[in-house]
Amino acid sequence: MLRQLHSLPGLIAALFVIVLSITGAILSLNPALERAGTMVPATGQISVAEVAGKVAEHYPGADQMERTPSGTLIVYYTRDGQMGADRVDPHTGRAIAAYQPSSFSRWVKNLHRSMLLDMPGRAVAGVMALAMVVLAISGGLLLAARLGGWRQLLRPVRGTLSQRLHIELGRAAILGLLVSGLTASYLSATTFGLAPEGVAAEPEFPMEVSAASPAPVDTLSALKATDLNELRELVYPYPNDPTDMYSMSTNQGAGYIDQASGEWLSYQPHDATHRLYEFIYMLHTGEGLWWLGVILGLASLTVPVMAVTGPIIWWKRQQSKPKLTANSGPNAADSIILVGSESNTTWGFARTLHDSLVQKGHRVHSAPMNQLASGYRGAKRLFILTATYGDGDAPASASRFLARLEKMSSTPDLPVAVLGFGDRQFPRFCGFAKEVEAALAAKGWPQLLPLDTIDRQSSQAFTRWGDAVSKAIGTELTLVHTPTRPRTTTLALAERVDYGAEVQAPTAVLRFRAPESGSQPSLLNRWLGRTGLPPFEAGDLVGILPPDSHVPRFYSLASASKDGTLEICVRQHPGGLCSGFLHALPIGGTIEAFIQPNPNFRPADGKAPVVLIGAGTGIGPLVGFIRHNKAHHSMHLYWGGRSPQSDFLYEPELNGGQATDRAECRLLPRQRKRLCSGQDLHGCGATTPIDREGRPDPGLRRPRYGSKRHGGDGRGHGTAGHGRRHAQGPRALS
């Protein structure tokens, strides 16, 4: 709900909010520019009487003197029958320059306030201001939830470029946007009478004056008692009219002054509500607080960027969602399907089950496992289809399932069937599905079918499970699912370095390039640095399709596309379809591959030291991070292998090569070393979490590792996790 509250107003209001933010940023410069060209005396230094006296020397025909909130003093006068206005130096009363309001600023102000549409436009601007408040508040709540609470709000963030820009700019500007949005909403409400504006001082018009000869303006007591910085406006009496009077408006109130005695004839202060209105107006415009205007203007400039990155993030999220037809509400459905998936492959199987049940007349509700409800009013059965992430962990869409299940006070009378997806070549095959099954049993959920598993996205096994479901629910289902083959790029093997033969653990560092086209790259491509590779960064995943298989295997990348090669580190497993194929691939041989971004597995921005922990082939992406540490941030690599003579991966690079300039890569004897708090910890290849002292601690929450060990949606993975060592501080290499 919170995400929808943030997304929908942003999508609808994007164009209008961009206009408001850009025009607001332009207008925010006016107070600062005006203040820069103004000589503002200190408080108590000059009274209104002193300034008026000096002005009278140079402007005997002065009609009015006005002081703007930013301190500019303007004198309106009549000379030789012509009216004029000058900006005046308050210290001397001399003209600085003719005063001419900017027509451009006036146009921008009208665009900002009303979209050039008068009152209908003011209504639109008010609604957009309120939308900005909703966006700022909901965005802050989403960010706090993402980072683990308000205390973690300043933590470094990871994600795609669009996500990082959106979050970092939003985090920096949220207070400014809230001030702008709230104050604009209030000012708009006063325009339409929805909020009180208060009453500006309207003093009673004096019926009697002294009618004596006017005194010099610099001797009038009321003007002498008023500091120039308090002045808003002083209107002079008509010349040669002893019955007229001065009228003066200040920050505190307004009144009339006798031009002979200099005393107040009448005075009325502004009421509290009007003072509040003027304070809010000052906060919104920066007039009177030029530095605040600059801050709010800078905050406003983040809005156009967020208005672009927000829809990009929303579009990518919509594209990644499963396309389901006839998805009933959770309380209207008779069949519930909950899905645990890391990259949406399991959703394909869930959609097949969903569509088959719908075709048979069932009302079906399909949702991520994280949306487990405390009850489903009309449901008769529950299906849970889940993959496994890493070393038996929950995939992204099921990360909160077990916690929600634990909080349920009563167990629904709803029979459940759990189907796990994984790859049998890894030790914790379907580990999370088994954990879910055990947790449901502990809660006393009735069983519709025993736990079943699908190896490597087997369509035949899924069909057999469908037959069992048909018998259990008394409805004939035919579950035929063909995984969609992803779009791939052809890459050719350019280099390889082999390790591990002496310890019966053959491992290879493989470097791929785009196939030669038979001609030299164009001058433009060379100038732009185009390599023919899809875009990727170290730590992203490459999916490789072995021959005669539709199931990709994923490997962490040790290079970035700008390096000109796609580099992976692969250990050959007995009977491994993809690892065997890659180890047998000759130089010049080709593969079909695609990139899966993995933005959460990258060193975060900031100055915190980065600790890289890996075992076996898990060193691949960690070496990639070190290579691209061009800013020389503090990095520490802890890695374990079997034998320094046979499988010391990247040994030339780590022992005295370029990597030693960009990270601490020491070979240490077996020991434990404290990992300091505040370090950015990245593990790749570890199977057990570690505490700060370097001790294995299975009770700790596992970090997200660079490559998946046996699961995200039932696919094999090659880079991390194939060594059987734990990350326990520095490891000996013997």
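Just so it is clear, the structure is predicted and the values come from calculations on it, not from any experiment.

1. Considerations on the side chain of D244
1) Next: With respect to the helices and strands, D244 occurs in the loop between β5 (231-235) and β6 (245-250).
2) Next: Buried within the structure, D244 lacks any salt-bridge partner; R79 is the closest side chain of opposite charge, at an N-O distance of 20 Å.
3) Next: Setting aside chain neighbours within four positions, we find D244 in contact with P237, Y238 and Q259.

2. Topic: the packing of aromatic side chains
1) Next: Taken as a whole and assessed by the stated rule, the structure comprises 12 aromatic pairs.
2) Next: Relative to W465, the ring of F462 lies with its centre 6.0 Å away and its plane at 20 degrees, an arrangement referred to as stacked. Taken together, the positions of F462 and W465, both in helix α12 (residues 459-473) and 3 residues apart, correspond to about one turn of that helix.
3) Next: A relative accessible area of 2% means that W465 is categorised as buried.
4) Next: Taken together, a centroid distance of 5.6 Å and an interplanar angle of 85 degrees make the contact between F554 and F594 edge-to-face. Of this pair, F554 sits in strand β17 (residues 553-556) while F594 sits in strand β19 (residues 590-596), and the two are 40 residues apart along the sequence. Each member of the pair F554 and F594 is classed as buried.

3. What to know about the packing of helix α4 (residues 118-147) against helix α5 (residues 161-191)
1) Next: Where α4 contacts α5, the two axes come as close as 7 Å, and the packing angle between them is 140 degrees. As α4 packs across α5, the resulting crossing turns out to be left-handed.
2) Next: Residues belonging to the contact of α4 with α5 are distributed by class as follows: 15 nonpolar, 7 polar and 3 charged.

4. A few points about helix α15 (residues 619-627)
1) Next: In terms of residue burial, α15 counts as a mostly covered element, since 9 of its 9 residues are buried.
2) Next: Turning to α15, its buried residues number three or more, namely I619, G620, P621, L622, V623, G624, F625, I626 and R627.

5. Observations concerning unusual backbone geometry
1) Next: The phi dihedral of D80 is positive, around 55 degrees, even though this residue is not glycine.
2) Next: Note that D80 resides in the loop between β2 (73-79) and β3 (82-88).
3) Next: Positive phi values are uncommon outside glycine, yet M115 reaches one of about 55 degrees.
4) Next: Here M115 lies in the loop between α3 (103-114) and α4.
5) Next: Since its relative accessible area comes to 12%, M115 is described here as buried.

What counts as what
- Each residue is numbered by its place in its chain's sequence as written, counting from 1.
- Local features in a predicted model are, by the rule used here, given only for residues with pLDDT of at least 70; side-chain atom pairs are given and counted only at 80 or more, and totals for whole chains, interfaces and linings are based on all residues.
- In computing side-chain properties, one takes all heavy atoms of the structure into account and sets aside hydrogens as well as water.
- In this text, helices come from DSSP runs of H or I with a minimum length of four residues, and strands from runs of E with a minimum of two, each type numbered from the N-terminal end.
- Only protein chains enter the accessibility calculation, which uses a 1.4 Å probe. A residue is then buried if its area is under 20% of the maximum for its type, exposed if over 50%, and partly exposed in between.
- Two residue types count as positive, namely Lys and Arg, and two as negative, namely Asp and Glu; His and chain ends fall outside the count.
- By definition here, a salt bridge exists when the distance from a side-chain nitrogen of Lys or Arg to a carboxyl oxygen of Asp or Glu is within 4 Å.
- In what follows, residue pairs with any heavy atoms lying within 4.5 Å of each other are defined as contacts.
- Working definition: a ring pair exists when centres of Phe, Tyr or Trp rings (six-membered ring for Trp) sit within 6.5 Å. Plane angles under 30 degrees give stacked, over 60 give edge-to-face, the rest tilted.
- Angles here are taken between N-to-C directions and fall from 0 to 180 degrees, while the axes themselves are lines fitted to C-alpha atoms, restricted in helices to the stretch in contact.
- Each crossing is labelled by how the near helix is turned from the far one, with a counterclockwise turn of less than a right angle marking it left-handed and a clockwise turn marking it right-handed.
- Three classes are used, and their members are as follows: Ala, Val, Leu, Ile, Met, Phe, Trp, Tyr, Cys and Pro are nonpolar, Asp, Glu, Lys and Arg are charged, and the others, Gly among them, are polar.

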